[in-house]
There are 2 protein chains.
Amino acid sequence: MNWADLDSGHCSIARAADIVGDRWTLLILRDVSRGIRRFDELSAHLGIARNILSARLGALVANGVLERMPYAEEGRRPHQEYVMTPRGAELLPVLLALIAWGDRHLSEEPPVRAVHNGCGHEVRLVPTCTAGHALTGGGEVQIVPGPGARRVDRE
Amino acid sequence: MNWADLDSGHCSIARAADIVGDRWTLLILRDVSRGIRRFDELSAHLGIARNILSARLGALVANGVLERMPYAEEGRRPHQEYVMTPRGAELLPVLLALIAWGDRHLSEEPPVRAVHNGCGHEVRLVPTCTAGHALTGGGEVQIVPGPGARRVDRE
DNA sequence: CAGTATCCCAAGCGATACTG
DNA sequence: CAGTATCGCTTGGGATACTG
């Protein structure tokens, strides 16, 4: 099989990157997942322009990653919040992987940590082979085409 | 502690996204990790403009993610290859996480798979708490500031 | 409070031509 | 083969003002 014939654009990485692969989206998801959920809070914390934030939130809602919900707590004015959908919550490993790499290679001390809600201990991503082997992480993994791979049309 | 006071820009996610968070870089790393390592091969497979590819490769080398190596196999003209550094190899979990999410939510059938070199079985990322709890993945993880977090200067 | 509406700039990108 | 050099377009993004 010729690797070079596999359509690069239909790869899951490419598709996922189309949704979360811009300068702000991952940071929005980080903030939402940590409890910053209102438009003005996000705007202030991220330092993002309001129109851009609006566009990003709209796209994330359209892609089913976030959901926009009206909140009405008693004694306060009602307001909107953006919350993770299940699909959005499943993006967490992406954030964890970036945190792990950034902590290890770009900082002396970790600026953020990921912790288990229950016990408060740190959470790591352990690459595990379905045959049960734990992978230590040095060139043991290879990315190969799956059943959904497409070939590029060529003559 | 006031979450909103933590400097969003010094987060590891933000720093990592500065390096890998553009439209092409993750795809370049995917290709390099799968054995597409020469300039023209990458250019052809990705469909990226040559000047952009040049810029991206240069940045990745500058950031210590890739290394540029001259290759001289006998019988063939010598050429250049880009190979993963150890630092680059540690980005693999990011790719795995994106693949997992994209496969699950953006495709019917997985266009790419990650497999263990030794046994050929699929590799998954299992979020694991250092206390030993395996996490099933529904809202059990929280992102919190670490020791290296900085506060924003405000009056 | 939660956005839209404008305006403008800069970066990213694609296409193409050229070079050691 | 492995890039660099230009050019021009298009998008992302910042700043600001405005609205229900």
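Computed from a prediction, not measured in an experiment: that's the story for all the values here.

**Brief notes about the protein's contact with DNA strand D**
Moving on, step 1. Not every one of the 17 residues close to DNA strand D is listed here, only the nearest: Asn51(A), Arg56(A), Arg50(B), Ser54(B) and Tyr82(B).
Moving on, step 2. When the atoms of DNA strand D within 4 Å of the protein are sorted by group, sugar and phosphate make up 54%.
Moving on, step 3. In this structure, a base nitrogen belonging to DNA strand D sits 2.5 Å away from a side-chain N or O atom of Arg50(B).
Moving on, step 4. Note that a phosphate oxygen of DNA strand D is positioned 3.0 Å from one of the side-chain N or O atoms of Arg68(B).
Moving on, step 5. The class makeup of the residues in the surface near DNA strand D is 5 nonpolar, 5 polar and 7 charged.

**Looking at the interface of chain A and chain B**
Moving on, step 1. Each partner contributes residues to the interface: chain A has 75 residues there, and chain B has 75 residues.
Moving on, step 2. Buried area between chain A and chain B, summed over both chains or domains, comes out near 7,600 Å², and the portion from carbon and sulfur atoms is 63%.
Moving on, step 3. Along the contact surface separating chain A from chain B lie 2 salt bridges.
Moving on, step 4. For Glu90(B), the salt bridge identified is with Arg104(A), shortest N-O distance 2.5 Å.
Moving on, step 5. In this structure, the connection of chain A to chain B is made through 25 residue pairs in polar contact (both at pLDDT 80 or more).
Moving on, step 6. Breaking the side of chain A that touches chain B down by element, the ones donating at least two residues are α1 (12-20), α2 (25-33), α3 (39-46), α6 (92-106), β3 (112-116), β4 (123-129) and β5 (141-145) of chain A.

**Some points on the protein's contact with DNA strand C**
Moving on, step 1. Around DNA strand C there are 17 residues in total, and Arg50(A), Ser54(A), Arg68(A), Asn51(B) and Arg56(B) lie nearest to it.
Moving on, step 2. Near the protein, meaning within 4 Å, the atoms of DNA strand C are sugar or phosphate in a fraction of 59%, with bases accounting for the rest.
Moving on, step 3. Take Arg50(A): an N or O atom from its side chain is 2.5 Å from a base nitrogen of DNA strand C.
Moving on, step 4. Within the side chain of Arg23(B), one N or O atom sits 3.4 Å away from a phosphate oxygen of DNA strand C.
Moving on, step 5. Along the lines of polarity and charge, the residues of the surface near DNA strand C split into 5 nonpolar, 5 polar and 7 charged.

**Digging into the relation of the copies chain A and chain B**
Moving on, step 1. Note on the identical chains: chain A maps onto chain B by a rotation of 180° and an axial translation of 0.0 Å, with an RMSD of 0.0 Å. These values place the two chain copies in the arrangement generated by a two-fold rotation axis. Distance from the rotation axis, computed per C-alpha, reaches its smallest value in chain A at Val126(A): 2.5 Å.
Moving on, step 2. A share of 100% of interface residues in chain A that are also interface residues in chain B marks the association as one of identical surfaces.

**Quick word on the side chain of Ser107(B)**
Moving on, step 1. Its place among the elements puts Ser107(B) in the loop between α6 (92-106) and β3 (112-116).
Moving on, step 2. There is a polar contact of 3.0 Å between the side chain of Ser107(B) and the side chain of Arg15(A).
Moving on, step 3. In contact with Ser107(B), not counting residues within four places along its chain, are Ser12(A), Arg15(A) and Gly102(B).

**Here's the deal with the confidence of the model for chain A**
Residues and elements named next belong to chain A.
Moving on, step 1. The predicted model of chain A averages 85 in pLDDT, with 90% of residues at 70 or higher.
Moving on, step 2. For chain A, per-element mean pLDDT is lowest for β5, which scores 82, and highest for helix α4 (residues 50-62), which scores 95.
Moving on, step 3. Every residue in residues 1-5 scores below 50 in pLDDT, and together they form 15 contacts with partners more than four places removed in sequence or on other chains.

The rules behind each value
- Residues numbered from 1 in each chain as written.
- Chains lettered and ligands numbered in written order.
- Predicted model: local features only at pLDDT ≥ 70, side-chain atom pairs only at ≥ 80, totals over all residues.
- Heavy atoms only, no water.
- Near = heavy atom within 4 Å.
- Polar contact = N/O pair within 3.5 Å; in protein donor to acceptor, adjacent residues only side chain to side chain.
- Nonpolar A, V, L, I, M, F, W, Y, C, P; charged D, E, K, R; others polar.
- Contact = heavy atoms within 4.5 Å.
- Buried area = accessible area lost by both parts, 1.4 Å probe.
- Salt bridge = Lys/Arg side-chain N within 4 Å of Asp/Glu carboxyl O.
- Helix = DSSP H or I, 4+ residues; strand = E, 2+ residues; numbered from the N terminus.
- Least-squares fit on C-alpha atoms with pLDDT ≥ 70 in both.
- pLDDT = per-residue confidence, 0-100.

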